Amino acid sequence: MMTGSQKFLKKHVLDEGLCTGCGACVGICPYQVIYHDRTVQLHGCDLVKGRCYDYCPRTPCDVGAIRERYCAAGDLTPEIGAVKGYYFSRAADPGLRNIGQHGATVTAMLELALSEGLIDAAVVSSRDQLSLRKGVIVQNREAIRTHAGSQFTVSATVAAFHQLVTKHTGQVGIVATPCQALALAKMKFNPGHEDIARVNQLTLVIGLYCGWTLSEEKYLKLLTDKGIALESITKMDIPAGRNVLEIRTEDRLHSIAMEEAQTCIREACLYCMDSTAEFADVSVGSARFSGNWEDVRQWNQLIVRTTKGKELTDLAVEKGVLELREAPADSLKELKEAAVNKKKNALKNIIQKSGSAKNLLYLDSRDPAVLKYLEAEKKKSKK
């Protein structure tokens with residue numbers, strides 16, 4: 001039987017272009033490794049059912065049951081998952097905002113969680129000596145600040161969680177994209193016997209909004225064509241309303257048209273339903289509101305999802321670490337509309353890939369959040 005095995009993972013995830021590069025299957029099996037931004041199987045495994053399959057965010061699972069376990073029913077929305085609170089946020093320290101992405105909310109929250117003993121370490125994304133992304137474990141403020149910022153490429157932080165977290169690490173927080181947050185939720189929901197102790201150390205998940213990530217091979221070619229050295233990049237951004245990917249290097253600012261940048265998107269991102277990291281404790285993205293972009297870029301959107309996330313947010317305000325602004329209803333409406341578009345496009349792409357609305361690849365058609373948009377897609381296709 002292939003279902004649940006490494007063979008199934010290869011045939012229905014890796015070979016089908018569904019692998020997100022999260023690393024959930026790496027570090028728990030000697031036969032799975034990350035090479036650059038790709039998951040590679042070095043050798044076949046004869047296990048009928050394996051953790052590599054169970055933890056992968058692109059294998060079928062009962063997502064509704066996971067939601068019920070970790071989210072209060074009254075907080076759930078079909079568009080963006082659980083919402084206990086929705087704000088514009090930024091680090092109170094202007095210097096930190098210059099280091100972090102947008103309002104540096106993620107960096108400020110991680111620093112606070114460490115300083116208050118809520119976590120003993122954090123798994124974050126970093127660049128190696130070749131300027132490629134990987135997950136690392138950090139245990140102090142200086143290390144967190146060193147790794148602040150986004151690069152729009154995959155970092156196998158779940159693999160780093162498997163490989164670097166030990167009983168000596170203590171309680172751990174992790175910064176995760178939507179697919180990574182789902183992988184972690186699957187681990188917590190049904191951990192393998194060998195992973196129970198490590199999974200119990202995972203106490204905080206800070207999610208990142210993510211519309212897509214860039215394929216390393218295509219992205220490096222694009223940079224080469226543009227005369228941009230990967231190691232010289234210091235910051236990347238997508239300015240509101242300008243339809244460009246902004247790349248800041250050590251000596252200048254480059255702008256690449258989004259149409260060009262989007263040719264580098266990983267195939268797996270086309271089939272992703274989640275743009276706001278619905279399985280995190282808090283989720284953070286760039287702010288979108290009317291005003292000068294230089295002012296807007298100093299703020300984040302913050303979705304508080306769980307009781308743990310609310311406690312951390314409240315503590316951050318109490319300690320003067322975060323500044324919060326009540327976000328207008330129009331902003332939440334726009335966010336939900338963007339999230340719905342992502343879900344609808346993903347469903348359309350999945351149906352096109354599988355050839356049938358009855359085959360949703362890794363999605364569970366019983367999931368209300370899927371069923372709602374599946375029905376809309378079916379009605380659209382009949383017109």
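Here the structure is a predicted model, which is why all the values come from computation and not from measurement. (Residues numbered from 1 in each chain as written. Predicted model: local features only at pLDDT ≥ 70, side-chain atom pairs only at ≥ 80, totals over all residues. Heavy atoms only, no water.)

**Thoughts on the overall build of the protein**
Alright, step 1. In terms of helices and strands, the protein carries 15 helices and 15 strands.
Alright, step 2. For the protein, whose C-alpha radius of gyration is 20 Å, the value lies close to the compact-globule estimate of 21 Å for 383 residues.
Alright, step 3. By principal-axis analysis of the C-alpha atoms, the protein measures approximately 55 × 55 × 50 Å.
Alright, step 4. Scored against the burial criterion, the 383 residues of the protein give a buried share of 55%.
Alright, step 5. For the protein, restricting intrachain contacts to residue pairs at least 6 apart in sequence, the fraction spanning at least 24 positions comes to 70%.
Alright, step 6. Taking the average place of the 51 positive charges on the side chains of the protein and the average place of its 45 negative ones, the gap between the two points comes to 4 Å. (Helix = DSSP H or I, 4+ residues; strand = E, 2+ residues; numbered from the N terminus. Rg over C-alpha atoms; globule rule 2.2 N^0.38 Å. Buried < 20%, exposed > 50% of the residue type's maximum accessible area, 1.4 Å probe, protein only. Contact = heavy atoms within 4.5 Å. Lys, Arg positive; Asp, Glu negative; His and termini not counted. Charge placed at Lys NZ, Arg CZ, Asp CG, Glu CD.)

**Overview of helix α7 (residues 157-164)**
Alright, step 1. Burial analysis of α7 places six of its eight residues in the buried class, the great majority of the element.
Alright, step 2. Restricting attention to buried positions, one finds in α7 the residues Thr157, Val158, Ala159, Ala160, Phe161 and His162.

**Comments concerning the side chain of Asp281**
Alright, step 1. Following the sequence through the fold, Asp281 ends up in the loop between α11 (258-261) and β13 (282-286).
Alright, step 2. Reaching out from Asp281, the side chain makes a polar contact with the side chain of Thr306 at a distance of 2.8 Å.
Alright, step 3. Each residue touching Asp281, except ones within four places of it in the same chain, is listed here: Thr203, Leu204, Val205, Ile303, Val304, Arg305, Thr306, Lys308 and Gly309. (Polar contact = N/O pair within 3.5 Å; in protein donor to acceptor, adjacent residues only side chain to side chain.)

**Observations regarding the pairing of strand β1 (residues 32-35)**
Alright, step 1. Of the strand pairs in this sheet, β1 and strand β2 (residues 38-41) are connected by four bridges, and their pairing is antiparallel. Its bridge partner being in β2, Ile34 is matched across the sheet by Thr39.
Alright, step 2. If you look at the hairpin formed by β1 and β2, you'll find two residues sitting between the two strands, and His36 has a positive phi there, around 55°. (Pairing = 2+ DSSP bridges.)

**Describing the packing of helix α3 (residues 63-70) against helix α8 (residues 178-189)**
Helices that pack against each other are described as a pair by the angle of their axes relative to one another and the distance between those axes.
Alright, step 1. Where α3 meets α8, the axes come as close as 10 Å, and the angle between the chain directions of the two elements is 75°. By the angle between their axes, α3 is roughly perpendicular relative to α8. Residues Ala65, Ile66, Arg69 and Tyr70 of α3 form the contact with α8, whose participating residues are Ala185, Lys186, Lys188 and Phe189.
Alright, step 2. Across the contact of α3 with α8, the residue classes tally to five nonpolar, no polar and three charged. (Axes fitted to C-alpha atoms, helices over the stretch in contact; angles between N-to-C directions. Parallel < 35°, antiparallel > 145°, perpendicular 65-115°, else oblique. Nonpolar A, V, L, I, M, F, W, Y, C, P; charged D, E, K, R; others polar.)

**Focus: the confidence of the model for the protein**
Low-confidence regions, as indicated by low pLDDT, have predicted coordinates that should not be scrutinised in detail.
Alright, step 1. Here the protein averages 90 in pLDDT, and 95% of its residues register 70 or above.
Alright, step 2. At the low end of the mean pLDDT range in the protein sits helix α12 (residues 293-296), at 70; at the high end sits helix α13 (residues 307-318), at 98. (pLDDT = per-residue confidence, 0-100.)

**Describing the sheet that holds strand β6 (residues 121-127)**
Alright, step 1. With mixed pairing, the eight strands of this open sheet are ordered in space as β7-β6-β8-β9-β13-β14-β5-β15. Two strands in the sheet have a free side with no partner beyond their single neighbour: β7 (133-138) and β15 (322-326). Put simply, the sheet's adjacent strands are angled 30° from each other on average, direction ignored.
Alright, step 2. Bridge analysis of strand β5 (residues 85-91) against β15 gives five bridges, and the strand direction is antiparallel. Bridge assignment links Phe88 to a residue of β15, and that residue is Arg325.
Alright, step 3. Of the strands in this sheet, β8 (172-176) and β9 (202-208) touch α8, which is tilted by about 140° from β8.

**Examining unusual backbone geometry**
Alright, step 1. The backbone phi angle of His36 is positive, close to 55°, even though this residue is not glycine.
Alright, step 2. Mapped onto the fold, His36 is located in the loop between β1 and β2.
Alright, step 3. The partly exposed category is assigned to His36, whose relative accessible area is 35%.
Alright, step 4. One non-glycine residue, Ala104, adopts positive backbone phi at about 60°.
Alright, step 5. In this fold, Ala104 is placed in the loop between α4 (94-99) and α5 (105-115).
Alright, step 6. Take Ala104: its relative accessible area is 1%, and that puts it in the buried class.

**Considering helix α14 (residues 329-354)**
Because each turn of an α-helix spans 3.6 residues, side chains separated by three or four positions in sequence point in the same direction.
Alright, step 1. Its 26 residues give α14 an end-to-end C-alpha distance of 37 Å, which sits within 8% of 38 Å, the value for a rise of 1.5 Å per residue.
Alright, step 2. Considered for burial, the residues of α14 that qualify are Ser331, Leu335, Ala339, Val340, Lys342, Lys343, Ala346, Leu347, Ile350 and Ile351.
Alright, step 3. Where α14 terminates, the next one or two residues include Gly355, which has phi positive at roughly 90°. (Expected span 1.5 Å × (residues − 1).)

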